[in-house]
Protein chains: 2
Amino acid sequence: MNPTLTTRMANLRARMAATKTDLVVIGPSSHMLYLADLSPHGDERPVLLMVSPTFAGFLMPALNVDSARQHTDLPFFPWADADGPDAALAELLAATGVPAAPSIVLDETMRTDFALLVLDALGGATRRFTTDTVGYLRSRKDDAEYDALKKSAVLNDAAMAAGFAALRPDITEYEVATVIRDFYKANGATTEFCSVCFGPNGAFPHHHTGETQLKAGDAVLIDTGGRIHGYPSDMTRVGYFGTAPEGFGQIHSVLDRAVEAAIAAARPGAKARDVDKAARDIITAAGYGPNFLHRTGHGLGIDIHETPYITATSDTVLEEGMVFSIEPGIYLQGQFGLRLEEIVIIRNGVAEILSDMPRTAVAGG
Amino acid sequence: MNPTLTTRMANLRARMAATKTDLVVIGPSSHMLYLADLSPHGDERPVLLMVSPTFAGFLMPALNVDSARQHTDLPFFPWADADGPDAALAELLAATGVPAAPSIVLDETMRTDFALLVLDALGGATRRFTTDTVGYLRSRKDDAEYDALKKSAVLNDAAMAAGFAALRPDITEYEVATVIRDFYKANGATTEFCSVCFGPNGAFPHHHTGETQLKAGDAVLIDTGGRIHGYPSDMTRVGYFGTAPEGFGQIHSVLDRAVEAAIAAARPGAKARDVDKAARDIITAAGYGPNFLHRTGHGLGIDIHETPYITATSDTVLEEGMVFSIEPGIYLQGQFGLRLEEIVIIRNGVAEILSDMPRTAVAGG
């Protein structure tokens with residue numbers, strides 16, 4: 001096993017001891033990639049990584065054994081299509097030495113049928129999800145991960161600039177997104193997502209980029225992320241075409257101050273809820289509290305959404321190495337919606353922004 | 001609601017009655033797309049469609065309400081990031097009129113945390129997966145689905161031909177896959193998957209297409225599928241470059257006969273296991289039983305793998321409209337592996353092949 005994976009497995013076992021966890025069960029997911037460098041064919045055949053204090057091994061479909069063997073030297077418990085996974089699962093569970101009525105951690109992202117296979121085999125298990133074990137470890141990025149996320153963010157700055165530079169009368173949201181997607185591809189990255197919203201469409205936080213055409217006086221919101229060398233980016237910037245709509249400048253200013261307040265609150269030892277509150281208080285004081293429809297942010301690592309989540313109720317304590325978005329938004333139905341999003345890392349006691357792009361509104365046209 | 005969705009919902013309730021099901025719970029998945037034309041942003045925020053005999057509605061993150069409303073007129077039970085989904089879930093469950101200790105169907109593909117949210121809220125539920133309700137309905141394609149799958153298959157024939165036509169000395173597997181991916185794109189389709197295997201790589205049923213270069217005497221296996229107008233294709237053909245490796249012709253012939261035998265066995269009223277056995281018996285009789293590592297096939301519809309699965313143990317009874325693959329393979333480690341795959345539909349009492357491409361080995365070079 002490579003040194004990074006050996007370290008991660010040792011760290012996981014330390015967290016298991018600290019949280020009194022008997023068994024961690026991981027499905028085909030970014031958790032599996034993080035722990036074992038394996039990203040299996042994601043079909044309906046159960047694939048599970050199980051880690052106990054004394055053992056780690058895979059439940060593995062027989063037809064994937066040869067391919068998977070190239071990625072990991074952990075033991076496999078293979079099962080054939082004709083037999084189903086039950087017998088192999090029983091052997092794997094026995095090998096883990098899991099006690100009766102164990103305390104287990106389940107990968108919250110895995111398919112329901114995979115998880116229930118395990119829960120049914122382990123009568124009386126107490127279960128948690130991965131937040132305080134694998135999720136916790138993943139939330140504290142090491143130096144190599146910081147470098148990868150920084151490079152990804154800087155490339156994303158250029159992708160964002162290319163998107164705004166493409167604005168012209170009657171261009172569609174979809175065409176702008178295509179410019180950005182092509183930019184990622186030309187630079188060796190892949191598109192993670194790309195949301196382009198013109199005018200009133202920006203008031204839907206999860207608007208589907210479509211055939212809406214740009215016209216003078218539209219607000220423009222672009223929320224985009226690529227992936228390069230395994231790590232993603234995620235950033236939102238706003239602008240307008242021709243003249244800014246009524247109220248744009250004031251709302252942009254409120255959001256910019258909300259981002260600054262959240263960044264100031266994001267210190268080691270602070271809780272995630274403190275960061276959410278810092279942003280939300282600015283927006284509420286400006287009279288837009290009911291128009292900020294979502295949490296302030298989410299963690300970013302191998303996944304574009306992962307621990308820690310920056311919500312009004314989260315008691316997660318921020319630590320060095322944690323990476324997350326700060327993305328307050330104000331949505332005015334029928335008019336426009338604005339959001340400003342930075343990815344920050346807690347580093348040397350402060351929240352450092354990964355992007356080099358200012359949050360200034362981009363004037364197009 | 002459009003007439004197709006109204007019919008599907010009525011059919012689901014009839015199956016629920018026949019299977020004594022009190023509640024069907026569907027996550028963001030192809031099941032949700034099939035029942036409600038909704039394919040939500042697939043993040044960690046719980047989205048659930050619940051259907052009871054008297055009610056259907058969605059648990060929905062507040063920030064997705066506006067976007068989702070454009071796809072469905074079913075009622076939403078929205079929840080905000082700051083509150084979490086528990087209260088909205090309780091309201092939705094109350095609206096469904098679900099009895100105590102209900103018999104529920106869970107979408108097997110949904111995230112584990114979504115499913116456990118429901119199971120924890122419904123103490124004492126008896127649970128099944130969707131195989132005999134939504135899965136059953138989806139397995140019997142209507143005429144519009146048949147047309148879509150046929151068109152997708154015929155386009156895939158041309159993609160496959162383009163892939164084999166690209167073979168030349170030293171070309172990599174990845175480059176051939178790029179030819180096929182570009183073909184899909186140029187024809188308005190998207191790539192679902194594309195596996196290209198040269199020489200010994202074909203002996204791994206789930207080989208990752210890579211940098212291996214083609215050389216004279218290599219067997220070539222291409223398993224590829226695209227998607228157009230919402231429906232996918234999936235086909236495997238084999239060939240060789242220059243001269244065929246020792247044993248190629250004989251194994252190709254065994255597989256071709258196995259496909260024919262399975263097609264002959266695939267009749268309304270037959271069981272899926274009968275189809276598997278028909279293919280497997282031919283291969284076993286030829287002495288290659290241990291080299292046929294997987295099931296004979298899988299259903300194909302909105303998903304490239306869905307009900308019915310054609311396995312040695314499946315008692316699923318085949319019916320008119322069912323669509324599935326027949327794909328026997330023989331894998332010789334260190335030498336090569338061959339597989340021949342057809343998609344068939346049970347139609348007018350027989351298994352009709354969707355592709356128009358012969359299964360003849362393609363001679364390249």
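In this text, all values refer to a predicted model and were calculated from it rather than measured experimentally.

Peer 1: Summarise the sheet that holds strand S3 (residues 56-61) of chain A; cite the residues concerned and give the values.
Peer 2: Residues and elements named next belong to chain A. Read across the sheet, six strands follow the order S4-S3-S2-S1-S5-S6 without closing on themselves; strand pairing throughout is mixed. Every other strand in the sheet has two partners, leaving strand S4 (76-79) and strand S6 (126-128) as the edge strands with one partner each. Strand-to-strand twist of the sheet, defined as the mean angle between neighbouring strand axes without regard to direction, takes the value 20°.

Peer 1: Mind laying out unusual backbone geometry, listing which residues take part and the relevant values?
Peer 2: In this chain, Thr307(A) is followed by Pro308(A) through a cis amide linkage whose omega measures 0°. A positive phi angle is found at Lys20(A), which is not glycine, with a value near 55°.

Peer 1: Could you give an account of helix H4 (residues 86-96) of chain B, naming the residues involved and the relevant values?
Peer 2: Residue and element names in this part refer to chain B. Those residues of H4 that fall on the buried side of the exposure criterion are Ala88, Leu89, Leu92, Leu93 and Thr96. Looking down the long axis of H4, one finds its buried residues gathered within 135° of arc, a one-sided arrangement. Seen from the open side of H4, the exposed residues pointing more than 90 degrees away from its buried face are Ala87, Glu91 and Ala94. Looking at the buried side of H4, the elements it contacts are strand S1 (23-26), strand S2 (48-51), strand S3 (56-61), strand S4 (76-79) and helix H5 (112-121). Immediately beyond the C-terminal end of H4, within one or two residues, lies Gly97, with a positive phi of roughly 70°.

Peer 1: Lay out the sheet that holds strand S6 (residues 126-128) of chain B with the relevant residues and their values.
Peer 2: All names here are of chain B. Strands sit in the order S4-S3-S2-S1-S5-S6 across an open sheet of six strands; the sheet is mixed. Lying at the two open borders of the sheet, with one neighbouring strand each, are S4 and S6. The average undirected angle you get between the axes of adjacent strands in this sheet is 20°. Pairing between S1 and S2: three bridges, direction antiparallel. Bridge pairing in S2 links Val24 to Val51. In the packing of H5 onto the sheet, contacts are made with S1, S2, strand S5 (103-106) and S6, and the angle to S5 comes to roughly 170°.

Peer 1: Can you tell me about the relation of the copies chain B and chain A, naming the residues and giving the values?
Peer 2: If you rotate chain B by 180° and push it 0.0 Å along the axis, it lands on chain A with an RMSD of 0.0 Å. Look at the turn and shift together and you get a two-fold axis relating the two. Mapped onto chain A, 97% of the interface residues of chain B are again interface residues, and the two copies thus contact each other with one and the same surface.

Peer 1: Please provide a residue-by-residue account of the domain arrangement of chain A, values included.
Peer 2: All names here are of chain A. Domain annotation for chain A reports domain 1 (3-138) and domain 2 (143-364). A C-alpha centroid distance of 34 Å is found between domain 1 and domain 2. Each partner contributes residues to the interface: domain 1 has eight residues there, and domain 2 has seven residues. Sorting the residues of domain 1 by area buried against domain 2 places Ser30, Tyr136 and Arg138 first, and these three jointly supply 59% of that buried surface. For the pair domain 1 and domain 2, the number of links is two salt bridges.

Peer 1: So what about the packing of aromatic side chains? Which residues, and what values?
Peer 2: Using the criterion set out here, one finds eight aromatic pairs over all chains in the structure. An angle of 70° between the planes, with centres 6.1 Å apart, marks the rings of Phe55(A) and Phe77(A) as edge-to-face. Of the two residues, Phe55(A) is situated in the loop between strand S2 (48-51) and S3 and Phe77(A) in strand S4; the sequence distance between them amounts to 22 residues. Given the relative accessible area of 13%, Phe77(A) is considered buried. In this structure an aromatic cluster arises from ring pairing among Tyr240(A), Phe248(A) and Phe336(A). A cation sits over an aromatic face here: Arg347(A) above Tyr146(A), 3.7 Å from the ring centre. Taking the ring centre of Tyr136(B) as reference, the NZ or CZ of Arg15(B) above it sits at 3.9 Å.

Peer 1: An account of the packing of helix H5 (residues 112-121) of chain A against H5(B) is needed here, citing residue identities and associated values.
Peer 2: The description of two helices packed together rests on the angle between their axes and the distance between the axes. As a packed pair, H5(A) and H5(B) sit with axes 8 Å apart at the nearest point and diverge in direction by 60°. As summarised for this structure, H5(A) and H5(B) are arranged oblique, according to the angle between their axes. Relative to H5(B), H5(A) is oriented so that their crossing is right-handed. Across the interface between the two elements, Thr112(A), Ala115(A), Leu116(A) and Leu119(A) from H5(A) touch Thr112(B), Ala115(B), Leu116(B) and Leu119(B) from H5(B). Looking at the contact of H5(A) with H5(B), its residues break down into six nonpolar, two polar and no charged.

Conventions we followed
- Residues numbered from 1 in each chain as written.
- Chains lettered and ligands numbered in written order.
- Predicted model: local features only at pLDDT ≥ 70, side-chain atom pairs only at ≥ 80, totals over all residues.
- Heavy atoms only, no water.
- Pairing = 2+ DSSP bridges.
- Helix = DSSP H or I, 4+ residues; strand = E, 2+ residues; numbered from the N terminus.
- Axes fitted to C-alpha atoms, helices over the stretch in contact; angles between N-to-C directions.
- Buried < 20%, exposed > 50% of the residue type's maximum accessible area, 1.4 Å probe, protein only.
- Arc of directions from axis to C-beta.
- Contact = heavy atoms within 4.5 Å.
- Least-squares fit on C-alpha atoms with pLDDT ≥ 70 in both.
- Domains from an automatic or database assignment.
- Buried area = accessible area lost by both parts, 1.4 Å probe.
- Salt bridge = Lys/Arg side-chain N within 4 Å of Asp/Glu carboxyl O.
- Phe/Tyr/Trp six-rings, centres within 6.5 Å; stacked < 30°, edge-to-face > 60°.
- Lys NZ or Arg CZ within 6 Å of the ring centre and 35° of its normal.
- Parallel < 35°, antiparallel > 145°, perpendicular 65-115°, else oblique.
- Left-handed = near helix turned anticlockwise from the far one by under 90°.
- Nonpolar A, V, L, I, M, F, W, Y, C, P; charged D, E, K, R; others polar.

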